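# Results of the structural survey
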Amino acid sequence: MKKLIAGNWKMSGTIDTAKKLIADIVNGIHEEPDLAEKCDFLVCPPFLHIYAARHAIQTVDTVMLGGQDCFLKDNGAHTGDVSARMLVDSGCKYVILGHSERRGFHNESSVFISRKVKMAHEQGLIAIVCVGETEEDRDEGEQEEVVALQLRESLPDTVTAENTVIAYEPVWAIGTGKTALPQDVKDMHAFIRKQLGRRVDNPEKMKILYGGSMKPENAADLLATPNVDGGLIGGASLKASEFLGIARAA
Ligand code: PGA
């Protein structure tokens, strides 16, 4: 399976830095055609930068675009929200849903997230559904239970191996410089694959990304782990050299 190297730009940068970052990534890929043979590239800029990023590059084929969230309705009186349809209209193919920063700061429950995932599917977007345990969950040895419940409740009945990607992001590894131990990543990804077998006919075809302090120095090991089909990258996706360095490590 081709690796998916996905950048989550979160709430960073300006229109100008977004245009430059995506242009630098596209130029880097054109200079090293090997990278695009091994990996698919996706960046998820802040909503207000998506359109600018799209127009800063010749084609969105080299680097695909995604949103960082969408609402569960496709139109109407929802102040401050952005719909899946709007993301499609802006050139997006993907949307990140259920990131731990949304589960935490915005109190999003898995059941609420599943309604958004369903709307994303209805609009033809591929949903990247994030799951992951907190440090306390892991200390208690409850990581599998927590992730199984998040998967069960966050995935609607529209889920297929083609319209959904899972991102396993241990909450304690996000933005902290700590990464999960290779054995833990291996175990959790195998566990997720098994859980997906209850939901789709061909779980081996669904991509499962690892996220949490991935960088060029640790990417080779993480991306060589069985059932790790790519990365969801925060901090290191804000520099073209690091983002491409992760792809090179794949
Ligand atoms: P990080 O973020 O790479 O900065 O840890 C990953 C994410 O939150 O998706």
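A tally of helices and strands in the chain yields 11 helices and eight strands. A globule of 250 residues ought to have a C-alpha radius of gyration of about 18 Å, and the chain, at 17 Å, matches this closely. Reported as C-alpha extents along the three principal axes, the dimensions of the chain are approximately 45 × 45 × 35 Å. For the chain, with 250 residues in total, the buried portion stands at 54%. With an accessible surface of roughly 11,500 Å², the chain has 50% of that area assigned to carbon and sulfur atoms.

It is worth spelling out the side chain of asparagine 8 at this point. With respect to the helices and strands, the residue asparagine 8 is situated in strand 1 (residues 3-8). Residue asparagine 8 is classed as buried on the basis of its relative accessible area of 5%. Among the polar contacts made by the side chain of asparagine 8, one reaches the main-chain amide nitrogen of lysine 10 at a distance of 3.1 Å. If we skip the residues at most four places from it in the chain, asparagine 8 touches Cys44, Gln68, Ile96, His99, Leu232, Ile233, Gly234 and Ser237.

Taken together, 13 residues form the shell around the ligand, and within it Lys10, His99, Glu169, Gly175 and Ser213 come nearest. Measuring from an oxygen atom of the ligand, one finds a backbone N or O atom of serine 213 at 2.7 Å. Taken by itself the ligand offers 290 Å² of open surface, and the protein chains cover 95% of this. Its residues assigned to classes, the shell around the ligand shows four nonpolar, seven polar and two charged.

Below, the discussion takes up the pairing of strand 3 (residues 64-67). On strand 3, burial covers both faces: Met64 and Gly66 on one face and Leu65 and Gly67 on the other are all buried. Bridge count for strand 2 (residues 39-44) against strand 3 is two bridges, and the pairing is parallel. Counterpart to leucine 42 in the pairing with strand 3 is methionine 64. Regarding topology, helix 4 (residues 84-89) serves as the crossover connection from strand 3 to the parallel strand 4 (residues 92-97), and that connection is right-handed.

So, on to the nonpolar core. Membership of the largest hydrophobic core comes to 64 residues, with the highest contact counts inside it found for Ile5, Ile22, Ile25, Phe41, Ile166, Ile192 and Tyr210. Among the elements that take part in this core, helix 1 (residues 15-31) stands out by supplying six residues, more than any other. Ignoring any residue separated from it by four or fewer positions in sequence, one finds isoleucine 166 in contact with Val129, Val131, Leu151, Leu155, Ile192, Leu196, Met206, Lys207, Ile208 and Leu209. Within the second largest apolar cluster, 13 residues are counted, among which are Ile96, Ile128, Val165 and Leu209.

Turning our eyes to something else, we now look at helix 9 (residues 182-196). When the terminal C-alpha atoms of helix 9 are compared, their 21 Å separation across 15 residues agrees well with the 21 Å that a helix rising 1.5 Å per residue should span. Along helix 9, the residues classified as buried are Val185, Met188, His189, Phe191, Ile192, Arg193, Gln195 and Leu196.

Time to look at the sheet that holds strand 3. If you trace the eight strands once around the closed barrel, you get 1-2-3-4-5-6-7-8, paired in parallel fashion. When the angles between neighbouring strand axes are averaged without regard to direction, this sheet yields 25°. The sheet contacts of helix 3 (residues 47-55) involve strand 3 and strand 4, and relative to strand 3 the element is tilted by about 165°.

A few words on helix 6 (residues 110-122). Under the 1.5 Å per step criterion, the end-to-end length of helix 6 is 18 Å for 13 residues, consistent within 8% with the ideal 18 Å. Every buried residue belonging to helix 6 is among Ser110, Ile113, Ser114, Lys116, Val117, Met119, Ala120 and His121, and all of these are buried. Trailing helix 6 by a residue or two, glycine 124 shows a phi angle of about 85°, which is positive.

Interhelical geometry of helix 6 versus helix 8 (residues 143-154) gives an angle of 45° and a closest axis separation of 7 Å. By the angle class used here, helix 6 and helix 8 are oblique. On the side of helix 6, the interface is formed by Ser110, Val111, Ile113, Ser114 and Val117, while helix 8 contributes Gln150, Glu153 and Ser154. A class-by-class count of the residues in the contact of helix 6 with helix 8 yields three nonpolar, four polar and one charged.

Rules of the game
- Residues numbered from 1 in each chain as written.
- Predicted model: local features only at pLDDT ≥ 70, side-chain atom pairs only at ≥ 80, totals over all residues.
- Heavy atoms only, no water.
- Helix = DSSP H or I, 4+ residues; strand = E, 2+ residues; numbered from the N terminus.
- Rg over C-alpha atoms; globule rule 2.2 N^0.38 Å.
- Buried < 20%, exposed > 50% of the residue type's maximum accessible area, 1.4 Å probe, protein only.
- Areas by Shrake-Rupley, 256 points an atom, 1.4 Å probe, with all protein chains shown as cover.
- Polar contact = N/O pair within 3.5 Å; in protein donor to acceptor, adjacent residues only side chain to side chain.
- Contact = heavy atoms within 4.5 Å.
- Near = heavy atom within 4 Å.
- Nonpolar A, V, L, I, M, F, W, Y, C, P; charged D, E, K, R; others polar.
- Pairing = 2+ DSSP bridges.
- Right-handed = clockwise from strand over helix to strand, strands pointing away.
- Core = buried A, V, L, I, M, F, W, Y, C linked by side-chain atoms within 4.5 Å.
- Expected span 1.5 Å × (residues − 1).
- Axes fitted to C-alpha atoms, helices over the stretch in contact; angles between N-to-C directions.
- Parallel < 35°, antiparallel > 145°, perpendicular 65-115°, else oblique.

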